[in-house]
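# Structure assessment
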Amino acid sequence: MTAVAFALVLPAVPAGAAPVGTAPADDGRTVAKEISDEGIVLLENEAALPLSKGTRLSVFGSTQVAPFLGGGGSGSVIDAGGVGFLDALRQEGFEVNEPLATRYQTWWDEGIDGSLPGKEQDYRPVSDTGGAFDEFGINSVARAEMEVPADVLAAASDFSSTAVVVIGRNGSEVHDPRLGDLELYPAERAMIDAVASSFGEVVVLFNTGVALEMGFLEEHDSIKAAAVIWTPGQAGMLSVADMLSGDVNPSGKLPHTIAHRTEDHPSTVNFGDFVKPGSEAGLDKYYVQYEEGIYVGYRYFETFDVPVQFPFGHGLSYTSFDREVLDVDHGPDGLSVATRVTNTGDVPGKDVVQVYVEAPDGELEKPAKELRAFGKTDVLQPGESQIVTTTVDTYGLSSWSEERGAYLLDAGEYTVHSGASVQDVDVAGSFRLREPVVIEEDPTTGVPLENRFAEVGEGLTVLSQEDPTGTAPTAPATGTRTVPNTSPLGSGFNAQGSGNPPGFLNEPGAMPALVDGNRVAMSPEQGPAPIQLTDVHADPTRMDAFLAQFTDAELVAMQLQGGFKTLGFDRLGIPATDATDGPAQVKAPAGSGRPNGTGFPAASMVAATWNTELAHRYGAAAGAEARALGVDAWYAPGANTHRNPMGGRNFEYYSEDPLLGAGMMANVVVGAGEQGVTTVVKHFVGNEQEQNRQGVETYVSERALREIYLKPFEYGVKAGSLGIMASFNRLGETWVGATPELLQGVVRGEWGFDGFVVSDIWISPYMNAVSASAAGTDLMLSIPGQGYNRQGLADFSRALTKEPQSTRAALEANARHVLQFVVTTPAFSAVLGSTENTTRALDPGALPFDSSTESGSGIVDLAGLRRALAEYRAQGSVSGPVAAQLTAALDAAVRHAERGRPQDVRQVERFIERFIDRLEDPRGKSTVSDEARERLSRGAAAVLQRSAGD
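Per an unreviewed UniProt entry, the protein chain goes by Beta-glucosidase and derives from Modestobacter marinus.

Put into structure tokens, the structure is as follows:
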């Protein structure tokens, strides 16, 4: 794909003020393209790909004319100027079957032979689930499929021998796909069967935000290749065309398992509608039980020997790699694995080193293996090598013990596996712990750890290897859970609002008037407060005195008016800040009239790159665009887990694995933070399904909660995020946003979080603002333009009357947390007249694992050494008599190596030693460049070392 074509089809980054941060950011369009380049996952390839440019292609599947570039809801990609699939193929030089393409487009726009236009047909309209926010989600999970008559199929097979089939599925906020949505629909099945029977070579592309069942790939010998192209953002179809031609060598790896059937996931039986008997009509009657415990995704399939179609971490390349583990070292600080990766194929490519640890069963049972570290190489040329060193600390190797209320490494033998997927691994080494290691304090903050969520796991039967049949997850029987009493403050299960009378805060003039919906102007009789926020910034010890200047009504206003902003107060010198949504696209603030930012690939595709450096650049690019749009806080990234393929927002989240998710999360957080923009990681926590998300009770063991679901959030916070969004659901019977054990005990206590917590959008009465304030939710995400919530004012009127001191103390704590964010923003920079406040502590090193790469000589054998010498001679970097001497030494070494006799081994080594001597001879210094001498010397040494090892 030419740079000129790329520049013509993508819109510019929104114009505006220069980013305020500590590091430059790459252009969003460039980063989006690199993510989609590296995130495509090649599932299978029987020498069908890449295709030569100019190849004739017949493209089937209605998604070709209306591809999914993003999901629905907050994770959508809107008006991003994305390139269509067929246009991308044409630009890349493929010859598209135009009559077939025209037929699809006509059917989509107008219909054919009296049929409805394809765009007006729908497999699943949103009206079947109801709800006020239906229009916020997508209007289908798939495109209707055009019937392909026999004569059209025959003409297409006459045009080309190769067919490309595009299958589309999407995910969305508000809606979860059903089991049937993750299978082929009948019309899709008929189309694929017909195409596969008519063409000798079929390539299938999955344009999906969810994990489809793909068993049909095994039913047709003509299906020679398949790839997941995700919902790839505005530049994604350019990457797909580049991948098909070989201009891009795919290096993506699956961030979740592709099972044979969705029902194979143990969570499927506990996903969806489960009602508490006797509950009243309304939102608050649903629950879900995470009976699979820690056995999510590959942890289940590997441990219980359940076959899968494509394992976690799987992904092919157009080249081949050799991985040689050089060192496995375990000590008090953790585990380190050094792996030499060599490109043994014919084209450049990247590879991912995946390190899994098989821990012993002791006090705790363990999954068969768990991802503990990973690292991605740079682009390796044919014959080139790179050493990837991955490390993981002791905390990152541990598991949660509910018995101890601490993290634990059991005594025993730990086996280290390294390879290309969770199944394609070799044993790299092992280490033994003679005694268990107990971690009783958070390693970052030093705060003591303890069990905090026993009630959330109460009554659960959790899957166990000790009795897999007796503990197998089952759909709950009627009457399993009953309805508790309602809390007087409205946080209980059936609360539909507190029912409190309006109270004094609802009286005319009681609350400060809002100007432009985001600030409180200073009235003529007030005058500036004695202590301004600039004074607190200069001397943080003045914060308590500063907070004492707030009236009760001002504190209530700040807490209740937290939707896409924080309130400004002129008399206190507090500027208003702006927030925006859009994990895959920074949305322009409402009413600004400005264009949205770049349409990036969905989070799942970011995770499929397995490239933390690219995740960092994505965060930086999005942060820079947010700053250009005047945004201070970005409601992103999403940190929930791919618990089940039916999760409607899985596209918006990273992975089924907490470590992979954490690695992406932390780097996005740091990248955006370097631009002066804070992330608001969401949806905290246990929001793995959209169905009944408003109030659903989530029951999960403390071990699974800590090991699987909290981990990505933990490392987002520890990397420096100053924002968290509390989810709609409950943990047990209490709304997440009103759970002090979570928000105070874990987040602010164990993790040391010093930013703000904002609710998800405040549309349900059970989200009681007073309970939220007391528990540590600092802002209610109010609906913009609707003024003060009258029920919230009523509840605070009662609380300030009945318990004035504790209510005021909670509100001051909320304001403190919000202001600790405000003073880091560009909005406050305008007050200071300086940008020094936007530089703050950001720590990508907070992750429990790390990886580094060390360039090897790129030479690992005699053939590579010979090839490198020939290249240097052709370039003139090796010349004169020494060139002939070096060539003669290698030729002699090769002759002896080809004989393969034991006595020839020493002769090979002797001639390589002579080669090294000639390189180091001062007389040849002027005819061998420094770069050539260094690389050839290191290469020869590597060949010698390998010979000695063999």
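So much for the structure itself; the text now carries on.
Moving on: the overall build of the protein chain. From N to C terminus, the protein chain includes 25 helices and 33 strands. Taken over C-alpha atoms, the radius of gyration comes to 30 Å for the protein chain, in line with the 30 Å a tight globule of 950 residues would show. The principal-axis extent of the C-alpha atoms belonging to the protein chain is close to 95 × 70 × 60 Å. Within the span of the protein chain, comprising 950 residues, buried residues form 62% of the whole. A fraction of 78% describes how many contacts in the protein chain between residues 6 or more apart in sequence connect residues 24 or more apart. Of the side chains in the protein chain, 70 bear a positive and 127 a negative charge, and the two mean positions are spaced by 5 Å.

Bringing the packing of aromatic side chains into the picture now. For the coordinates displayed, the defined rule picks out 25 aromatic pairs. On the basis of an interplanar angle of 90° and a centroid distance of 6.0 Å, the ring pair of Phe-546 and Phe-550 is categorised as edge-to-face. Cluster of aromatic residues (ring-pair linked, three or more members): Tyr-298, Phe-312, Tyr-356, Phe-374, Trp-610 and Phe-849. Of note, Arg-643 hangs over the ring of Tyr-290, and the distance from its end group to the ring centre comes to 3.9 Å. Note that Arg-730 overlies the ring of Tyr-766, its terminal NZ or CZ placed 4.4 Å from the centroid.

The feature "domain: Fibronectin type III-like" (unreviewed entry), as annotated in UniProt, sits at residues 351–422 in this numbering. Within residues 351–422, the helical portion is 0% and the strand portion 53%, while the C-alpha atoms at the span's ends are 15 Å from each other.

Attention now goes to the environment of Tyr-286. For Tyr-286, the position within the fold is in the loop between strand E7 (258–259) and strand E8 (287–289). Looking at Tyr-286, the relative accessible area reads 15%, which means it is buried.

A few words on unusual backbone geometry. Residue Pro-50 follows Leu-49 across a cis peptide bond; omega there is 0°. Inspection of the secondary structure puts Pro-50 in the loop between strand E1 (41–45) and strand E2 (56–60). Pro-637 follows Ala-636 through a cis peptide bond whose omega is -5°. The backbone of Asp-113 shows a phi angle near 55°, a positive value even though the residue is not glycine. Look at Asp-113 and you get exposed, because its relative accessible area is 79%. Here Asp-305, not a glycine, exhibits a phi torsion of approximately 55°, which is positive.

The subject of this paragraph is the nonpolar core. Counting residues in each nonpolar core, the largest one holds 160 residues, and the members touching the most others are Phe-546, Phe-550, Phe-684 and Leu-819. It is helix H14 (residues 658–673) that contributes the most residues to this core, 10 residues altogether. With residues up to four places along the chain from it excluded, the contact list for Phe-546 reads Ile-531, Gln-532, Leu-533, Val-536, Leu-572, Ile-574 and Leu-819. The next biggest cluster of nonpolar side chains, apart from the first, holds 75 residues, and it includes Leu-89, Ile-167, Val-202 and Ala-226.

We now examine the sheet that holds strand E28 (residues 723–726). With mixed pairing, 7 strands are arranged side by side in an open sheet as E22-E24-E25-E26-E28-E31-E32. In this open sheet, the two edge strands, each paired with only one partner strand, are strand E22 (565–566) and strand E32 (779–781). Pairing of strand E26 (residues 678–684) with E28 involves 3 bridges; the strand directions are parallel. Note that in E28 the partner of Phe-684 across the bridge is Ala-726.

Here we have 3 strands laid out as an open sheet, ordered E15-E16-E19, and antiparallel in their pairing. Looking at the sheet topology across the chains shown, the edges are occupied by strand E15 (399–401) and strand E19 (437–439). Between one strand axis and the next, the sheet turns through 40° on average, direction left out of account. Bridge analysis of strand E16 (residues 406–409) against E19 gives 3 bridges, and the strand direction is antiparallel. Paired with Leu-408 across the bridge in E19 is Val-438.

What counts, and at which threshold
- Residues numbered from 1 in each chain as written.
- Predicted model: local features only at pLDDT ≥ 70, side-chain atom pairs only at ≥ 80, totals over all residues.
- Heavy atoms only, no water.
- Helix = DSSP H or I, 4+ residues; strand = E, 2+ residues; numbered from the N terminus.
- Rg over C-alpha atoms; globule rule 2.2 N^0.38 Å.
- Buried < 20%, exposed > 50% of the residue type's maximum accessible area, 1.4 Å probe, protein only.
- Contact = heavy atoms within 4.5 Å.
- Lys, Arg positive; Asp, Glu negative; His and termini not counted.
- Charge placed at Lys NZ, Arg CZ, Asp CG, Glu CD.
- Phe/Tyr/Trp six-rings, centres within 6.5 Å; stacked < 30°, edge-to-face > 60°.
- Lys NZ or Arg CZ within 6 Å of the ring centre and 35° of its normal.
- UniProt positions renumbered as here; feature names shortened; annotations may be inferred.
- Core = buried A, V, L, I, M, F, W, Y, C linked by side-chain atoms within 4.5 Å.
- Pairing = 2+ DSSP bridges.
- Axes fitted to C-alpha atoms, helices over the stretch in contact; angles between N-to-C directions.

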